[in-house]
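# Working through the structure, step by step
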Amino acid sequence: MQNCEIIDGKLYAAEVLERVKSKIGHLSTVICKTQRATLGLAVILVGTDAASQIYVNNKAKKAKEIGFNSEVYKFPQTATEQEIIECIERLNSDPNVNGILVQLPLPQHINTQKIIDTVNYEKDVDGFSTYNVGLLNSWQDSLEPCTPQGVLILLHEILGTNISGKKAVILGRSRIVGRPMASILIRKGCSVTSLNSNSYNIKDECRTADILISAVGSPSFIKGDWIKKGACVIDVGIVKVNDKLYGDVDFESVRKVAGFLTPVPGGVGPMTVSCLMLNTIKAAYKQYDIKW
Ligand code: GUN
């Protein structure tokens, strides 16, 4: 049987957080000398989606734990676009708020892109605004989406920093994972294939992957016979079924073939939260014009 290494996302996420904490410490001493400001992350939640509530609370709690000021702004499902926009505009001009995140999905009657683009791009710690997406795709410095950033850190830990030339297959084309993941890996020199539910020969495409990244949210969708021997398999999917969490990857069959595999939970999830903290402190350094 192939010896598959199960990747401990919590371990690498903790390393990222340590880096963030030291960056917070440094910036706090620099800015406290000149002004009475705090460093902060604002999270906006609209509606009562159970998973979103958990994610938002986790993000705000982690931010507080490591030394940010963190507030959650909660709106009912019936909130209007104008109410959310007014809240974002206040946060845009608040010097104590360095990062703003609007939890997705938003209710149907809200124009998601309009809301995202109301966030000042320098505070857009999700990296979803049109401006930040443009910067990423033109290979300029930007705030990059947290989950793909976390996946890249894991890939570097697993495969080393040179992943140029590797064949990467990405399942899913969401604004949160699939699209920015493809951009990031193209910039890194990978040969990238993006698959979605309309794609032909999904299984055969997956079998060509040195790096397989799945973010479709279909429990145990990917089986062992879809995997190239020794491949690095990153499972971004997470779905609760009867109180148990499942990833996109059928863990037991895939681990027999893959070289590396991220578990669910405890793989990519913790990296997303750590990268949000990293983006918030990066945004703050930029806003204070302090060298990173
Ligand atoms: N919903 C699921 N993942 C995310 C994320 O990374 N950011 C935001 N804003 N919403 C999400």
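For clarity, every value in this text was computed on a predicted model and none was experimentally measured. In this convention, every chain numbers its residues from 1, walking through the sequence in written order. The predicted origin of the model limits local features to residues at a pLDDT of at least 70 and limits the giving and counting of side-chain atom pairs to 80 or more, whereas totals for whole chains, interfaces and linings rest on all residues. Side-chain metrics in this entry use all non-hydrogen atoms of the structure; hydrogen atoms and water are not considered.

### Section: the overall build of the chain
Segments assigned H or I by DSSP are reported as helices when at least four residues long, segments assigned E as strands when at least two residues long, and all are numbered from the N terminus. A count of helices and strands for the chain gives ten helices and eleven strands. Taken over C-alpha atoms, the radius of gyration is set against a globule rule of 2.2 Å times the number of residues to the power 0.38. In terms of overall size, the chain behaves like a compact globule, its C-alpha atoms giving a radius of gyration of 19 Å where 292 residues would be expected to give roughly 19 Å. Seen through its C-alpha atoms, the chain measures out along the principal axes to roughly 60 × 40 × 35 Å. Each residue is placed in one exposure class: buried if its accessible area under a 1.4 Å probe, protein chains only, is under 20% of its type's maximum, exposed if it is over 50%, and partly exposed if it falls in between. The buried share of the chain, taken over its 292 residues, is 50%. The contact definition used throughout considers only heavy atoms, calling two residues in contact when any of these lie within 4.5 Å. The contacts in the chain between residues at least 6 apart in sequence include a share of 71% that link residues at least 24 apart.

### Topic: the site of the ligand
Contacts to the ligand come from Lys59, Leu101, Val102, Gln103, Leu104, Asp126, Phe128 and Ile176. Side-chain atoms alone can form a polar contact between residues adjacent in sequence; in general such a contact is a pair of N or O atoms within 3.5 Å, and within protein one must be able to donate a hydrogen while the other accepts it. Note that a nitrogen atom of the ligand is positioned 3.2 Å from one of the side-chain N or O atoms of Gln103. Take Leu104: an N or O atom from its main chain is 2.9 Å from a nitrogen atom of the ligand. Here the ligand has 280 Å² of accessible area as a free molecule, and 85% of this is covered by the chains. Basically, the charged four are Asp, Glu, Lys and Arg, the nonpolar ten are Ala, Val, Leu, Ile, Met, Phe, Trp, Tyr, Cys and Pro, and anything else, Gly included, counts as polar. Looking at the shell around the ligand residue by residue, the class counts come to five nonpolar, one polar and two charged. Put simply, a residue is near a molecule or strand once any heavy atom of it comes within 4 Å of that molecule or strand. Computed with the Shrake-Rupley method and a 1.4 Å probe, the accessible areas treat only the protein chains shown as cover for residues.

### Topic: the side chain of Ser183
In this fold, Ser183 is placed in helix H7 (residues 178-187). Overall, the relative accessible area of 11% leaves Ser183 in the buried class. In contact with Ser183, other than residues within four places in its own chain, are Leu136 and Asn137.

### Structural notes on the UniProt feature "binding site: NADP(+)" (unreviewed entry) in the chain
Annotation from UniProt places "binding site: NADP(+)" (unreviewed entry) at Gly172, Arg173, Ser174 and Ile238. Note that Gly172 resides in the loop between strand S5 (167-171) and H7. In this structure Gly172 touches Gly178, Leu195, Ala215 and Val216, once residues within four positions along its chain are discounted. Relative to the assigned elements, Arg173 resides in the loop between S5 and H7. UniProt positions are given in the numbering used here, feature names are shortened, and annotations may be inferred rather than shown by experiment.

### Observations regarding the UniProt feature "domain: Tetrahydrofolate dehydrogenase/cyclohydrolase NAD(P)-binding" (unreviewed entry) in the chain
Listed under "domain: Tetrahydrofolate dehydrogenase/cyclohydrolase NAD(P)-binding" (unreviewed entry) in the UniProt record, and renumbered for this structure, are residues 145-287. Structurally, residues 145-287 comprises 38% helix and 18% strand, and the distance from its first C-alpha atom to its last is 18 Å.

### Concerning a nonpolar patch on the surface
Exposure above 30% relative accessible area and the absence of a salt bridge qualify a residue for a patch, where like charges join within 9 Å and nonpolar side chains (Val, Leu, Ile, Met, Phe, Trp, Tyr) within 5 Å. One speaks of a salt bridge when a side-chain nitrogen belonging to Lys or Arg is within 4 Å of a carboxyl oxygen belonging to Asp or Glu. On the surface, Tyr55, Ile238 and Leu245 cluster together into a nonpolar patch covering about 240 Å² of accessible area. With respect to the element layout, Leu245 can be found in strand S10 (residues 244-246). By relative accessible area, which is 33% here, Leu245 ends up partly exposed.

### With respect to the pattern of salt bridges
In this structure the tally under the stated criterion is eight salt bridges. Between Arg187 and Glu144 there is a salt bridge, with the nearest N and O atoms lying 2.6 Å from each other. In this pair, Arg187 is assigned in helix H7 and Glu144 in the loop between helix H5 (130-137) and helix H6 (146-159), connecting sequence segments 43 residues apart. The class of Arg187 is partly exposed, set by a relative accessible area of 27%. Glu144 sits in the buried class, given a relative accessible area of 14%. In this structure, Lys203 engages Asp225 in a salt bridge whose closest nitrogen and oxygen atoms are separated by 3.2 Å. With Lys203 in helix H8 (residues 202-207) and Asp225 in the loop between strand S7 (211-214) and strand S8 (232-235), this pair connects stretches of sequence that are 22 residues apart. Exposure remark for Lys203: the relative accessible area of 32% places this residue in the partly exposed category.

### Some thoughts on unusual backbone geometry
Residue Pro105 is bonded to the preceding Leu104 through a cis peptide linkage, with omega at 5 degrees. Position of Pro105 among the secondary structure elements: in the loop between strand S4 (99-102) and helix H4 (112-118). Between Val264 and Pro265 the backbone carries a cis peptide bond, its omega angle lying at -5 degrees. In this fold, Pro265 is placed in the loop between strand S11 (260-261) and helix H10 (268-287). Non-glycine residue Ser220 carries a positive phi angle of around 55 degrees.

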